[in-house]
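Coordinates in review
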4 protein chains.
Amino acid sequence: VNDFQFHHRSQLRVRYADTDKMGVVYNGNYLTYFEVGRTELLRAMGIPYAEMEKSGYLLPVLEAGIVYKAPALYDDLLSIETTFTMERGILLRLSYRIIRDNSLIAEGFTKHSFISADTRRPVRPPKFFIDTLQQLPALGNSAV
Amino acid sequence: VNDFQFHHRSQLRVRYADTDKMGVVYNGNYLTYFEVGRTELLRAMGIPYAEMEKSGYLLPVLEAGIVYKAPALYDDLLSIETTFTMERGILLRLSYRIIRDNSLIAEGFTKHSFISADTRRPVRPPKFFIDTLQQLPALGNSAV
Amino acid sequence: VNDFQFHHRSQLRVRYADTDKMGVVYNGNYLTYFEVGRTELLRAMGIPYAEMEKSGYLLPVLEAGIVYKAPALYDDLLSIETTFTMERGILLRLSYRIIRDNSLIAEGFTKHSFISADTRRPVRPPKFFIDTLQQLPALGNSAV
Amino acid sequence: VNDFQFHHRSQLRVRYADTDKMGVVYNGNYLTYFEVGRTELLRAMGIPYAEMEKSGYLLPVLEAGIVYKAPALYDDLLSIETTFTMERGILLRLSYRIIRDNSLIAEGFTKHSFISADTRRPVRPPKFFIDTLQQLPALGNSAV
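Here goes a summary of the coordinates provided. The shown structure was predicted, so the numbers you read here are calculated from the model rather than taken from an experiment.

1. Let's talk about the relation of the copies chain A and chain C
Superposition of chain A onto chain C requires a rotation of 180° combined with a translation of 0.0 Å along the rotation axis, giving an RMSD of 0.0 Å. Read as a symmetry element, the transformation amounts to a two-fold axis. Considering only C-alpha atoms, the part of chain A nearest the rotation axis is A:Leu12, at 5.0 Å. Mapped onto chain C, 100% of the interface residues of chain A again fall at the interface, so both copies present the same surface.

2. Considering helix α1 (residues 30–45) of chain B
Residues and elements named next belong to chain B. The end-to-end C-alpha distance of α1 is 23 Å, a good match for the 22 Å that 16 residues give at a rise of 1.5 Å each. Buried residues dominate α1, accounting for 14 of its 16 residues. Looking one or two residues past α1, Gly 46 carries a phi angle of roughly 95°, positive in sign.

3. What to know about the packing of aromatic side chains
All names here are of chain A. The final tally for this structure, using the stated rule, is 48 aromatic pairs over all chains. Measuring from centroid to centroid gives 5.8 Å for Tyr 30 and Tyr 33, while their planes differ by 65°, and the two rings are edge-to-face. Of this pair, Tyr 30 and Tyr 33 both sit in helix α1 (residues 30–45), separated by three residues, roughly a single helical turn. By relative accessible area, which is 2% here, Tyr 30 ends up buried. Under the relative-accessibility criterion, Tyr 33 is labelled buried at 0%.

4. Describing the sheet that holds strand β3 (residues 61–68) of chain A
Strand pairing within a sheet occurs via backbone hydrogen bonds; the two strands may be parallel or antiparallel. One open sheet accounts for ten strands, arranged β1(A)-β4(A)-β5(A)-β6(A)-β3(A)-β3(D)-β6(D)-β5(D)-β4(D)-β1(D); its pairing is antiparallel. Looking along the sheet, the strands with just one partner apiece sit at the ends: β1 (5–13) of chain A together with β1 (5–13) of chain D. Recorded for the sheet is a direction-independent mean angle of 15° between the axes of neighbouring strands. In the sheet, β1(A) pairs with strand β4 (residues 77–87) of chain A via nine bridges, with the strands oriented antiparallel. Bridging across to β4(A), A:His7 finds its partner in A:Thr83.

5. Section: helix α1 (residues 29–45) of chain C
Residues and elements named next belong to chain C. In this model α1 runs 25 Å from its N-terminal to its C-terminal C-alpha over 17 residues, within 8% of the 24 Å that 1.5 Å per residue would give. Burial of α1 is extensive: 15 of the 17 residues sit out of reach of the surface. Gly 46, located one to two residues past α1, shows a positive phi value of around 95°.

6. What to know about the pattern of salt bridges
Residues and elements named next belong to chain B. According to the stated counting rule, one finds 40 salt bridges over all chains in the structure shown. A salt bridge links Arg 100 to Asp 76; the shortest N-O distance between them is 2.6 Å. Note that Arg 100 is positioned in strand β5 (residues 91–100) and Asp 76 in the loop between β3 (61–68) and β4 (77–87), a separation of 24 residues in sequence. Residues Arg 100 and Asp 76 agree in their burial class; the two are buried.

7. Re the side chain of C:Asp18
Mapped onto the elements, C:Asp18 comes out in the loop between β1 (5–13) and α1. Of the buried charged residues, C:Asp18 lacks a salt bridge, with A:Arg15 as the closest side chain of opposite charge at 4.8 Å. When residues no more than four places from it in sequence are discounted, the contact partners of C:Asp18 are C:Val24, C:Val25, C:Tyr26, C:Asn29 and C:Tyr33.

8. Some points on the pairing of strand β4 (residues 77–87) of chain D
Burial runs high along β4(D): nine of the eleven residues are buried. Adjacent in sequence and paired antiparallel, β4(D) and strand β5 (residues 91–100) of chain D are bridged by three residues, among which D:Arg88 carries a positive phi angle near 50°.

9. Quick look at the sheet that holds β1(C)
Overall, antiparallel pairing links the ten strands, which are arranged β1(B)-β4(B)-β5(B)-β6(B)-β3(B)-β3(C)-β6(C)-β5(C)-β4(C)-β1(C) in an open sheet. Edge strands, defined here as strands with exactly one partner in the open sheet, are β1 (5–13) of chain B together with β1 of chain C. Looking at each pair of strands side by side, their axes are set apart by 15° on average, direction ignored. As judged from the nine bridges shared by strand β4 (residues 77–87) of chain C and strand β5 (residues 91–100) of chain C, these two strands associate in the antiparallel manner. For C:Glu87, the partnering residue across the bridge sits in β5(C) and is C:Leu91.

10. Concerning the relation of the copies chain B and chain C
Of the two same-sequence chains, chain B is brought onto chain C (RMSD 0.0 Å, axial shift 0.0 Å) by a rotation of 180°. Of the interface residues in chain B, 100% have counterparts in chain C that sit at the interface too, so the contact is made through matching surfaces.

11. Examining the interface of chain B and chain C
Interface extent is often summarised as the accessible area lost during association of the parts. Contacts between chain B and chain C engage 24 residues on the former and 24 residues on the latter. Taken over both partners, the interface formed by chain B and chain C buries close to 1,800 Å², and the fraction arising from carbon and sulfur atoms is 50%. Counting across the chain B and chain C interface gives two salt bridges. Where chain B meets chain C, there are ten residue pairs in polar contact (both at pLDDT 80 or more). Sorting the residues of the side of chain B that touches chain C by element identifies α1, α2 (49–54) and β3 of chain B as the ones contributing at least two each.

Thresholds applied
- Residues numbered from 1 in each chain as written.
- Chains lettered and ligands numbered in written order.
- Predicted model: local features only at pLDDT ≥ 70, side-chain atom pairs only at ≥ 80, totals over all residues.
- Heavy atoms only, no water.
- Least-squares fit on C-alpha atoms with pLDDT ≥ 70 in both.
- Contact = heavy atoms within 4.5 Å.
- Helix = DSSP H or I, 4+ residues; strand = E, 2+ residues; numbered from the N terminus.
- Expected span 1.5 Å × (residues − 1).
- Buried < 20%, exposed > 50% of the residue type's maximum accessible area, 1.4 Å probe, protein only.
- Phe/Tyr/Trp six-rings, centres within 6.5 Å; stacked < 30°, edge-to-face > 60°.
- Pairing = 2+ DSSP bridges.
- Axes fitted to C-alpha atoms, helices over the stretch in contact; angles between N-to-C directions.
- Salt bridge = Lys/Arg side-chain N within 4 Å of Asp/Glu carboxyl O.
- Lys, Arg positive; Asp, Glu negative; His and termini not counted.
- Buried area = accessible area lost by both parts, 1.4 Å probe.
- Polar contact = N/O pair within 3.5 Å; in protein donor to acceptor, adjacent residues only side chain to side chain.

Here it is in structure tokens:
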């Protein structure tokens, strides 16, 4: 599953609560926007994250990075383009591009690996997850 | 324990993340400030909320109200005056006043009752909680 | 415009960021959900809040109240039913019901009045706002 | 001022609002903790960020990165060790280590450069900022 790649695009509306006194989206809130992209990508892949947690698996963030290109503003309708790849069979890498109209607002990534909800120790990706990857078309979907 | 009352004052610094594009603290964040006041009051009473949860008790918010008097601004050093009272032996009522220098920024309240962390059903206040109330001076402390 | 009333229903998905260690939506985040309901209601009325601010008017929250009925959970798809009424020609009252499937999660209200973006002093509702109310059907819309 | 370096340590208490349903601090909130470290470092340097904004200068985040080492938990008392360096005379680089007791919770960085509050265009660091750097001891302070 190492060459597996999946793309998804979702949208969100910037809330007043997301902004700060600079009049733009607060820097930390982009990680919440990344979460929205990741959640909707997993749902589109057929493995909603909520169900993964119910099956006893968590996907904590190990590392994150963001490059801020242009400010997002209140009430902006943003597109989040999310790409998922597997690394070394155990590491999930998500990369994100946040777009308004045709301009890039921010891009970044998060890395995750599975842990057991019970023991909180690292575990290999669950079988249903690997099976799903193998059944999906290998290089992206039509959403992007 | 029905006439029990306890006061506490704590302080916090307004963060950039707390503000919105109006240049003031976002209305929803006052409930987080109330949380800080409540947490520090419980710690001052000798029953830190973190330990209550470890003992299997949760204190969810049942109701909340806020009146906004004047905007709090970035980097303000705010005082939170919190008063705790018991109602009908089962309901915890916290009231809050948020102060900057000598002016009132906001005031409000939250109501809580105990639930079991396991069953998520209402339970009576635990014995260690009642015992603590009975050992504390009945009408406030010196912090205010 | 005192008997004016307008209803709107919008939806949102609970984010992981919205939850707390109790496993439910943090109490303060309902005020952000109310904001979403209010924003989408104003957009449906033809006066997006973003445009109001560009015209020099702000609508800060003067007062808010929430009654929590049942916990909202991660990934829940919530409906926000928002009702707008004018009081005494100057006060905007928004009331909210947050629904999951057919059960009530929370209900509450916020009160607002116009201030000038420049002076930050109270002002009467702007003409375009009153005109819009008078052109809309007096008792609600088909969205609810 | 290129070899200028300044260290500062501040503390904060993890709030319930900061946690998520995994029972740990939500990944995006570390950027708010970084903000606290940065704000208190600038205050210790004698140039509070609030005053910089009043002088017409903003310091938006251009880039950020975080490595999550161990979860921070509700009510943890965290230390934030912040190091400030100038790069190429125009870029501010802040690096952060978040510590609980003696264990590393997370580390990361943010990059910033000055913009004018009016024009929102990049500007050189203001004179009072450069002057302050030149008057401070060149390699750190006693706080760490």
